[in-house]
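Architecture and fold: a report
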Amino acid sequence: MRPDVRRWLRSRTFTAETWQAADLVTAKGTRGSTVSVVLPALDEERTVGAIVETIRRDLVEACPLVDEIVVVDSGSSDRTAEVAAAAGARVVSVDDVLPRHGSRPGKGEALWKSLHATTGELIVFVDSDLVDFDPRFVVGLLGPLLTDPTIGYVKALYDRPLTTTDGIVPSGGGRVTELVARPLLNAFWPELAGFVQPLSGEYAGRRELLEQVPFVSGYGVELGLLVDLVALAGLDALAQVDLGTRKHTHQADAALGRMAGQILQTALARWPGGGRPESELLQFLRTADGLESVTWDVGVVERPPMRAVRAADRRRGTWA
Ligand SMILES: O=c1ccn([C@@H]2O[C@H](COP(=O)(O)OP(=O)(O)O[C@H]3O[C@H](CO)[C@@H](O)[C@H](O)[C@H]3O)[C@@H](O)[C@H]2O)c(=O)[nH]1
Ligand SMILES: O=C(O)[C@H](O)COP(=O)(O)O
């Protein structure tokens, strides 16, 4: 493993249990910070209500850590907006924010517009398709930002079960993460190899940083933010927090293929070019002792066309 990644993993990986909401309220008061929670939502009537209600009950009413909950409706055709509003969120439609800039389809557009629709100095993004949502997610993501001024952006990490018709595969989820995003990041931005869940939809950042980088309109937004923020602020300004387990609604393989395509487009638009890709791939496994990293060499060797080999051997008189 690269020394910079090893050092970053040790100093910038936290667990949500480190912080209690009440302590963070005190830290927030001392710093005069404000917090917005943003939920991008496209047809999430089944799940968005419970998430909003939990955050409102536990982190607005019982303990004033969160100042506003905003659901950015990304063009839902179901009752997402009504359900979210009834649960206590302010709901804005993506088309009504910055209308003179039009609306692009996709999740990243909703996040970009949320910067204009909210006021918090700290912004926490939470997907609205989460099942069994735990308020610890928000507390954990805010912990590093409210206690360490050198940290500006915090990603979630977690176990990702895959729920299938045959049952639950404990670590089977995050297919695009494992098959596309992590190999790409390891190859071209190896300093980011320590991010266990680079595509996690739960993350928090300082507005001051988030307003300095572009937002990709679709599913490339998470990879784009990581690459652009490390260039802007440096690796030590980024952190990750272990939130336990995350369950969400899975998309079909064909939809994940389109997601992978957007992530690839995002990466290629940022690829610095030149040089050889890094051949080390860092993978993470959950063991009884916590997260274990394993390094693999995925470098490949190009063998020449057989005709060229034959011709060269004939010239040397060594062809058998
Ligand atoms: O056009 C869209 C599409 C999605 N969403 C919302 O965005 C969130 C995540 O979308 P989802 O389709 O559930 O993504 P996942 O399959 O869960 O994909 C993972 O990987 C993506 C690519 O990095 C991330 O954007 C996601 O947050 C992350 O959970 C959900 O609340 C959606 O309702 C929108 O608001 N608008
Ligand atoms: O983050 C990902 O890799 C994609 O959202 C796919 O997740 P899933 O394999 O858990 O459905």
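Here's what I pulled together on the structure shown here. Model, not experiment: these values are computed from the prediction.

Scoring rules and cut-offs
- Residues numbered from 1 in each chain as written.
- Chains lettered and ligands numbered in written order.
- Predicted model: local features only at pLDDT ≥ 70, side-chain atom pairs only at ≥ 80, totals over all residues.
- Heavy atoms only, no water.
- Helix = DSSP H or I, 4+ residues; strand = E, 2+ residues; numbered from the N terminus.
- Rg over C-alpha atoms; globule rule 2.2 N^0.38 Å.
- Contact = heavy atoms within 4.5 Å.
- Areas by Shrake-Rupley, 256 points an atom, 1.4 Å probe, with all protein chains shown as cover.
- Lys, Arg positive; Asp, Glu negative; His and termini not counted.
- Charge placed at Lys NZ, Arg CZ, Asp CG, Glu CD.
- Core = buried A, V, L, I, M, F, W, Y, C linked by side-chain atoms within 4.5 Å.
- Buried < 20%, exposed > 50% of the residue type's maximum accessible area, 1.4 Å probe, protein only.
- Axes fitted to C-alpha atoms, helices over the stretch in contact; angles between N-to-C directions.
- Parallel < 35°, antiparallel > 145°, perpendicular 65-115°, else oblique.
- Left-handed = near helix turned anticlockwise from the far one by under 90°.
- Nonpolar A, V, L, I, M, F, W, Y, C, P; charged D, E, K, R; others polar.
- Expected span 1.5 Å × (residues − 1).
- Arc of directions from axis to C-beta.
- Phe/Tyr/Trp six-rings, centres within 6.5 Å; stacked < 30°, edge-to-face > 60°.
- Near = heavy atom within 4 Å.
- Polar contact = N/O pair within 3.5 Å; in protein donor to acceptor, adjacent residues only side chain to side chain.
- 1 Å grid on protein atoms, 1.4 Å probe; cavity = no way out; pocket = protein on both sides within 12 Å on 5 of 7 lines; lining within 4 Å.
- Sits in = over half its atoms within 2 Å of the grid points.

**Some words on the overall build of the protein chain**
Across its full length, the protein chain holds 11 helices and 14 strands. Since a compact globule built from 320 residues should have a radius of gyration of about 20 Å, the 22 Å found for the protein chain is in line with a globular shape. For the protein chain, contacts bridging at least 24 residues in sequence account for 74% of all contacts bridging at least 6. Carbon and sulfur atoms make up 53% of the accessible area of the protein chain, which amounts to about 15300 Å² in all. Charge-centre separation for the protein chain: the mean point of 35 positive side chains lies 8 Å from the mean point of 42 negative side chains.

**Quick notes on the nonpolar core**
Formed by 49 residues in total, the largest nonpolar core has its most connected members in Tyr153, Leu192, Leu210, Phe215, Leu225, Leu229 and Leu238. The dominant element in this core, judged by the number of residues it contributes, is helix H9 (residues 221-233), at seven residues. Sequence-distant contacts of leucine 210, that is, excluding residues within four places in its chain, are made with Leu115, Ile123, Phe125, Tyr153, Gly205, Phe215 and Leu229. Residues Ala16, Val71, Ala156 and Ala204 belong to the second largest nonpolar core, which totals 42 residues.

**Description of the packing of H9 against helix H10 (residues 253-270)**
Running from N to C, H9 and H10 cross one another at 20°; their axes reach a closest spacing of 9 Å. In terms of orientation, H9 and H10 fall into the roughly parallel class. Here the hand of the crossing between H9 and H10 comes out right-handed. Where H9 approaches H10, its residues Leu223, Gly224, Val227 and Asp228 are matched on the opposing element by Ile263, Thr266, Ala267 and Arg270. When grouped by side-chain class, the residues that make up the contact of H9 with H10 number four nonpolar, two polar and two charged.

**Description of H10**
Over its 18 residues, H10 runs 26 Å from end to end, which matches the ideal 26 Å to within 8%, given 1.5 Å per residue. For H10, the set of buried residues is Ala255, Leu256, Met259, Ala260, Ile263, Thr266 and Ala267. All buried residues of H10 project into a common sector of 145° when viewed along the axis, lining one side. Exposed residues on H10 whose side chains face more than 90 degrees from its buried face are Ala254, Arg258, Gln265, Leu268 and Ala269.

**Brief notes about the packing of aromatic side chains**
In this structure the tally under the stated criterion is eight aromatic pairs. Between phenylalanine 133 and phenylalanine 137, the ring centres sit 5.8 Å apart and the planes meet at 70°, which makes this aromatic pair edge-to-face. Residue phenylalanine 133 is classed as buried on the basis of its relative accessible area of 12%. A network of ring pairs unites the aromatic residues Phe125, Tyr153 and Tyr203 as a single cluster.

**Structural notes on the site of ligand 1**
Lining the immediate surroundings of ligand 1 are 18 residues, of which Glu44, Lys107, Tyr219, Glu222 and Gln251 lie closest. At a separation of 2.7 Å, an oxygen atom of ligand 1 approaches a polar side-chain atom of glutamine 251. Considered on its own, ligand 1 offers 670 Å² of accessible surface; in the complex 94% of this is hidden by protein. Applying the majority rule of atoms within 2 Å of the grid points places ligand 1 in the largest pocket.

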